[in-house]
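Read off the chains here:
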Amino acid sequence: MSFQDQLLLWNHASLKVLDVRHATLHPGDSLHAYRLPASVFLLTTRGVAQVLLDGIAYAADKSLVCHAGKGALLDIVEVVETLEYYMVFYKAVLTMPCRRELLRMYQTSNPFLAQYAFAPPCPLPLFSKIEQMQRQWQQSGALEKFHVKALFHHFVYDLLQQSQTLGSGATQPQLIIQAIRYLEERYAEPITLNSLTAALDCNARQLQRLFKARLNIGPMEYLLQVRLKQAKALLKHTNITLAQIAEAVGYMDSYYFSRIFKKYTGVSPRQYKEQARDREHRRQTPLHKSRSSIVPGSAQLYSVTASDDNSSHYQAGEVIHPYTSSKAAMTNSLTSMLPLLLGAHSLTTSAGAYSAGEISPADSVTVQPTVSSDEAGNAGITGSTAAASMRRIIKHQKGEFALEQKPEKIVVLDYQYIDQLLKLGDQPIGSVIPTIESSSFPDYLTGKLTDIKVLGTKEEPDLEAIVQAAPDLIICTAFQEHLFEKLVEIAPTLMFDRNEDWRTTLLTFGNIVGKEQIAQNVLDRYQKRIDALKAALTDKLGGQTVALIRPRDQMIRLQTAKHRTAKILYGDLGMSPPQMVMDSTKTSFTISLEAMSALNADHLIVLQDDSNTELVEEYQQTAIWKNVPAVQANQVYTVDTTLWVGYYGPFAINQIVDEIAEAML
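Residues numbered from 1 in each chain as written. Predicted model: local features only at pLDDT ≥ 70, side-chain atom pairs only at ≥ 80, totals over all residues. Heavy atoms only, no water.

A. Layout of the overall build of the chain. Per the secondary structure count, the chain includes 26 helices and 21 strands. Within the chain, the proportion of its 665 residues that are buried is 50%. Restricting the contact set of the chain to residue pairs at least 6 apart, pairs at least 24 apart contribute 72%. For the chain, the computed accessible surface area is about 30600 Å², with 50% contributed by carbon and sulfur atoms. (Helix = DSSP H or I, 4+ residues; strand = E, 2+ residues; numbered from the N terminus. Buried < 20%, exposed > 50% of the residue type's maximum accessible area, 1.4 Å probe, protein only. Contact = heavy atoms within 4.5 Å. Areas by Shrake-Rupley, 256 points an atom, 1.4 Å probe, with all protein chains shown as cover.)

B. Up close: the pattern of salt bridges. In the structure shown here, the tally under the stated rule is 17 salt bridges. The salt bridge partner of Arg-392 is Glu-516, with a shortest N-O separation of 2.5 Å. Remark: Glu-516 occurs in helix H18 (residues 516-541) and Arg-392 occurs in strand S10 (residues 392-396); sequence separation between them is 124 residues. Comparing Arg-392 with Glu-516 shows no difference in burial state: the two are buried. (Salt bridge = Lys/Arg side-chain N within 4 Å of Asp/Glu carboxyl O.)

C. Region of interest: the sheet that holds strand S18 (residues 555-559). Ordered by their spatial adjacency, five strands build an open sheet running S19-S18-S17-S20-S21, and the pairing between neighbours is mixed. For this open sheet the edge positions go to strand S19 (588-591) and strand S21 (636-640), each flanked by a neighbour on one side alone. Between one strand and the next, the sheet's axes are offset by a mean angle of 30 degrees, whatever the strand orientation. As paired strands, strand S20 (residues 603-608) and S21 are joined by five bridges and run parallel to one another. Bridge assignment links Leu-607 to a residue of S21, and that residue is Val-639. Seen against the sheet, helix H22 (residues 613-620) touches strand S17 (546-552), S18 and S20 and runs at an angle of roughly 115 degrees to S17. (Pairing = 2+ DSSP bridges. Axes fitted to C-alpha atoms, helices over the stretch in contact; angles between N-to-C directions.)

D. Region of interest: the confidence of the model for the chain. Mean pLDDT for the chain: 78, with 80% of residues reaching 70 or above. Per-residue pLDDT, averaged within each element of the chain, yields its smallest value for strand S9 (residues 318-320) (33) and its largest for strand S12 (residues 410-412) (95). Counted against residues more than four places away or in other chains, residues 287-388, with its pLDDT under 50, gives 197 contacts. (pLDDT = per-residue confidence, 0-100.)

E. Structural view of the packing of aromatic side chains. Under the defined criterion, the tally for this structure stands at 14 aromatic pairs. The interplanar angle of 25 degrees and the centroid separation of 6.3 Å between the aromatic rings of Trp-10 and Phe-41 together place this pair among those described as stacked. One end of the pair, Trp-10, is in helix H1 (residues 3-12); the other, Phe-41, is in strand S3 (residues 39-53), and 31 residues separate them in sequence. With respect to burial, Trp-10 and Phe-41 carry one shared label: buried. Each ring, one from Trp-502 and one from Tyr-526, has its centre 5.0 Å from the other, and the planes form 90 degrees; the classification is edge-to-face. Residue Trp-502 is found in helix H17 (residues 502-512), and its partner Tyr-526 is found in helix H18; the two are separated by 24 residues along the sequence. Here Trp-502 and Tyr-526 have matching classes, each one buried. Of the aromatic side chains, those joined through ring pairs into one cluster are Trp-10, Phe-41, Tyr-90, Phe-112, Phe-152 and Phe-155. In this structure, Lys-145 is placed above the aromatic ring of Trp-137, and the distance from its NZ or CZ to the ring centre is 4.9 Å. (Phe/Tyr/Trp six-rings, centres within 6.5 Å; stacked < 30°, edge-to-face > 60°. Lys NZ or Arg CZ within 6 Å of the ring centre and 35° of its normal.)

F. Fine view of the pairing of strand S16 (residues 493-496). Judged by which residues are buried, S16 turns out to be covered on both faces: Thr-493 and Met-495 on one side and Leu-494 and Phe-496 on the other are all buried. Between the parallel pair strand S15 (residues 473-477) and S16, the chain is carried across by helix H16 (residues 484-490), and the sense of this crossover is right-handed. (Right-handed = clockwise from strand over helix to strand, strands pointing away.)

G. Expanded view of helix H7 (residues 204-215). Between its first and last C-alpha, H7 extends 16 Å over twelve residues, near the 16 Å set by a 1.5 Å rise per residue. Considered for burial, the residues of H7 that qualify are Ala-204, Leu-207, Gln-208, Phe-211 and Leu-215. End-on view of H7: buried residues confined to an arc of 100 degrees, all on one side of the axis. Exposed side chains of H7 directed beyond 90 degrees from the buried face belong to Arg-209 and Ala-213. Two residues or fewer after H7 comes Asn-216, characterised by a positive phi angle close to 65 degrees. (Expected span 1.5 Å × (residues − 1). Arc of directions from axis to C-beta.)

H. Up close: the nonpolar core. Residues Ile-512, Met-575, Trp-644 and Ile-660 are the most contacted members of the largest nonpolar core, which totals 115 residues. Top element by residues in this core is H18. It accounts for nine residues. With 53 residues, the next largest nonpolar core counts Val-20, Met-105, Tyr-116 and Phe-118 among its residues. (Core = buried A, V, L, I, M, F, W, Y, C linked by side-chain atoms within 4.5 Å.)

I. How the structure looks around helix H2 (residues 100-108). Along H2, the residues classified as buried are Leu-102, Leu-103 and Met-105. Within H2, the buried residues cover an arc of 160 degrees as seen down the axis, which keeps them to one side.

J. Examining the environment of Leu-94 more closely. Among the secondary structure elements, Leu-94 is positioned in strand S6 (residues 73-94). Each C-alpha atom, one on Leu-94 and one on Leu-15, is 8.9 Å from the other, the two residues being 79 residues apart in sequence. Residues in contact with Leu-94, not counting those within four places in the same chain, are Leu-9, His-12, Ala-13, Leu-102, Leu-103 and Tyr-106.

K. Structural detail: the pairing of S17. Taken across its seven residues, S17 has six buried, putting it largely inside the fold. The pairing of S17 with S18 spans five bridges and is antiparallel. The partner of Leu-548 across the bridge, within S18, is Gln-559. Counted along the chain from S17 to the antiparallel partner S18, the turn is two residues long, and its residue Asp-553 has a positive phi close to 55 degrees.

L. A look at the environment of Ile-591. Looking at the secondary structure, you find Ile-591 in strand S19. Assessed through its relative accessible area of 7%, Ile-591 is described here as buried. Distance in space between the C-alpha atoms of Ile-591 and Leu-558 is 7.1 Å, their sequence separation being 33 residues.

M. Inspection of the environment of Gly-510 at higher detail. Tracing the sequence through the fold places Gly-510 in helix H17. Along the primary structure Gly-510 and Gln-520 are separated by ten residues, whereas in three dimensions their C-alpha atoms are 8.5 Å apart. Excluding residues that lie within four positions of it along the chain, Gly-510 makes contacts with Leu-424, Lys-515, Glu-516 and Ala-519.

N. Fine view of the sheet that holds S15. Strand order across the open sheet formed by five strands is S14-S13-S12-S15-S16, with parallel pairing between neighbours. Bordering the open sheet on either side are strand S14 (453-457) and S16, each of which pairs with just one other strand. Adjacent strand axes in the sheet meet at a mean angle of 20 degrees when their direction is disregarded. Pairing between S15 and S16: four bridges, direction parallel. If you follow Thr-477 over to S16, its bridge partner there is Phe-496. Sheet strands in contact with helix H13 (residues 416-423) are S12, strand S13 (430-433), S15 and S16, and its direction is about 145 degrees off that of S12.

O. Up close: the packing of helix H5 (residues 175-185) against H7. Where H5 meets H7, the closest approach of the two axes is 10 Å, and the angle between their N-to-C directions is 90 degrees. Between H5 and H7, the interaxial angle falls into the category roughly perpendicular. Together, Leu-175, Ile-176, Ala-179, Ile-180 and Leu-183 of H5 and Gln-206, Leu-207, Leu-210, Phe-211, Arg-214 and Leu-215 of H7 make up the contact between the two elements. Of the residues in the contact of H5 with H7, the class split is nine nonpolar, one polar and one charged. (Parallel < 35°, antiparallel > 145°, perpendicular 65-115°, else oblique. Nonpolar A, V, L, I, M, F, W, Y, C, P; charged D, E, K, R; others polar.)

What follows is the structure, given as structure tokens:
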């Protein structure tokens, strides 16, 4: 980013000072792996030491100024002479509205997250201002805090001026290095994907993409490998108990740790320890006769204990991931794991059941249970729907699956499927949760759920938790396609299209659990309700247009008539979309705030959640928003994003219809 581009963003940003600190380190002292809670300027005023930002070292000799963003790791080491330094933590927000090119620069080369360091040619003005800031910050008055803000602007001006003179370059933080170091240093802590992204101030999907591109695994899988590597070292070189080892690598339950260890290494921790001891004994006594001198012992199933190098390493900024597994090894792993996990579970597959065309639907017998007209939960089912003779063929995105009996322990890796199964009276035993939710499951379902296990997020399922749940059927979507073979090792797995019409999915789920008629009854009731509401809305709106929008990423996402939730508005209920969205071939596209007048919708439905509340509030304060016709007519309705977009099942759809009726009739 050019210096002029930096200035444009600094000029357009709203700056807030969060804290001003003064500290001293004496020879022999150090600051290790301090994760920055916000963007920071660090200025040393005297002393000699090494300052590291995400592992990149800078020599501090009396005067050094550094900058880094939230989530970066700061180390101060090799303190030769007493080091005195100041830190100013701040937050910078791009004010809205702004030009599109500014927004693009902010998203691609954010100067408030950039990392750099240099020795200022004129340190005294910087010393003076930062010392004043620290002194004023100690005061409690509002006027003093305002003075700090003014001084901070002057400090940044002086710093940028000197930086321009030197031509100092800035680099964007290496997020994956920050994440790897975080996981390798804190593997013993209870880390989740959400806690990791919060610590690094990043987006979960962004972090997953970086890990997939660099290591071909997700961050939580990397954490698992780090933990296994540490566990192996403790097993080899110490005599502490298994419970102590489990706790040392982040597992409170030693039995669960043993299962995970065996799943990924092929042997139990005890066996691994014995093998390591035998190898060491043979190394020290090379003339010792092998116990398998001529006749080979029994073949091990998927064992990687012959080498302790089968794990991920991070060294000097480079990431190496030698972990590989052959198809034969995966098959052996499946063979050894299924008896443990499934026991005498009732799901079976024919050979090649996942390949389309190898099982003919003509070979199956569809069992139609006798039901009353009530919905699931109140349904009077005659006979056992889990009867032994329930063979049927389920088509999914990986082929066809031969279902012999009703599954009793279903795990779903898309939270919308909780809704589908609950409507049929069959709660899953475990599910992933949405990343944008602050709680596990939505309010509209929590009263209906009992003892359901959280299995990570849709983007990053927790394989360990899935193993522990011991399901007899896993239902996933293309979001987890990269994990499909691993999921099949745990239990039979079906993959569906998460954007498929919820009605089609409900009928498929009805087939899986043997409640086809209940599923059809749900759909019949919905259609009758929609027909009545559609007629009422047609009379009330008289052709007025309705737009579904979602402010995010400093823009506004407009959902088109092809979006699965917008189809309820424009398809099921027959509402009129604005002209701007009628001809689109995409499910959504983005527009600027300035384009809201051109949208010209009579009614606005605004999707809002924790991730965009601040942006919505910012937009609402602008003159552009206040002049939108729907706003002036008081025809703007705020709804929950997670319900309207994330949960795509009969309970959610009916609640959406309730909200539409309440708002517009």
